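Structural description and commentary
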Amino acid sequence: MNEFNILEFLKEFNIEIPENISKGILFKITYSGDMRSISFYLKFSELIDFESTLAFEKNLRAGFAVERINVLCFYPPELFSLDYFETLKNKLKRKISAVNGFLDGCDVRIEE
């Protein structure tokens with residue numbers, strides 16, 4: 001399967017890309033049959049904050065004139081830490097409404 005740097009892939013579309021996301025590697029795109037929803041699957045070597053992901057999705061929605069854009073971020077497992085939990089929680093709340101409020105105030109720890 002071909003992989004592309006997201007900045008290079010989107011250069012013809014004039015879409016603003018946050019600097020940290022511009023380093024992402026696009027490895028998959030899926031879309032709905034009616035072309036109203038597109039998902040971009042990106043690999044990163046560093047963690048991406050929630051605000052950058054939201055801004056990028058908004059810019060993609062406007063640039064492609066579609067109703068829904070999903071940016072799915074993939075990271076090497078060694079990057080995961082408890083410091084990233086709030087970002088994960090925010091991403092989950094946005095994608096899965098049942099999560100909203102469910103994880104608030106929870107005790108988070110890693111057990112080995």
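Whatever comes next refers back to the structure up there.
A brief look at the structure comes next. Predicted model, so just to flag it, every value in this text is computed and none were measured.

Among the nonpolar cores identified, the biggest contains 17 residues, and Ile6, Phe56 and Leu60 are the most heavily contacted of them. Put simply, the parts of the chain that give this core at least two residues each are β3 (37-43), α2 (50-64) and β4 (68-74). Setting aside residues no more than four positions away along its own chain, phenylalanine 56 makes contact with Ile6, Leu10, Glu16, Ile17, Pro18, Ile21, Leu42 and Val71.

Moving on: helix α3 (residues 85-95). Buried within α3 we find Phe85, Thr87, Lys89 and Lys91. Where α3 is buried, its residues contact α2 and β4.

Checked against the element boundaries, phenylalanine 44 lands in the loop between β3 and α2. On the basis of relative accessible area, phenylalanine 44 is assigned to the buried category, the value being 6%. Residues phenylalanine 44 and glycine 33, spaced 11 residues apart in sequence, show a C-alpha to C-alpha distance of 28 Å. Once you skip the residues sitting within four places of it in the chain, phenylalanine 44 turns out to touch Asn20, Ile21, Gly24, Cys73, Phe74, Tyr75, Pro76 and Leu79.

Together, Phe4, Phe9, Ile29, Tyr31 and Met35 line one region of the surface with nonpolar side chains, adding up to about 480 Å² of accessible area. Along the polypeptide, isoleucine 29 turns up in strand β2 (residues 25-31). In this structure isoleucine 29 comes out as partly exposed when scored by relative accessible area, which is 35%.

Overall, the coordinates contain 4 salt bridges when judged by the stated rule. When the shortest N-O distance is used, the salt bridge between lysine 43 and glutamate 3 registers 2.6 Å. Of the two residues, lysine 43 sits in strand β3 while glutamate 3 sits in the segment before β1 (4-5), which places them 40 residues apart along the sequence. A salt bridge links lysine 11 to glutamate 8; the nearest nitrogen and oxygen atoms lie 3.2 Å apart. Exposure remark for glutamate 8: the relative accessible area of 46% places this residue in the partly exposed category.

What counts as what
- Residues numbered from 1 in each chain as written.
- Predicted model: local features only at pLDDT ≥ 70, side-chain atom pairs only at ≥ 80, totals over all residues.
- Heavy atoms only, no water.
- Core = buried A, V, L, I, M, F, W, Y, C linked by side-chain atoms within 4.5 Å.
- Buried < 20%, exposed > 50% of the residue type's maximum accessible area, 1.4 Å probe, protein only.
- Helix = DSSP H or I, 4+ residues; strand = E, 2+ residues; numbered from the N terminus.
- Contact = heavy atoms within 4.5 Å.
- Patch = residues over 30% accessible without salt bridge, like charges linked within 9 Å, V, L, I, M, F, W, Y side chains within 5 Å.
- Areas by Shrake-Rupley, 256 points an atom, 1.4 Å probe, with all protein chains shown as cover.
- Salt bridge = Lys/Arg side-chain N within 4 Å of Asp/Glu carboxyl O.

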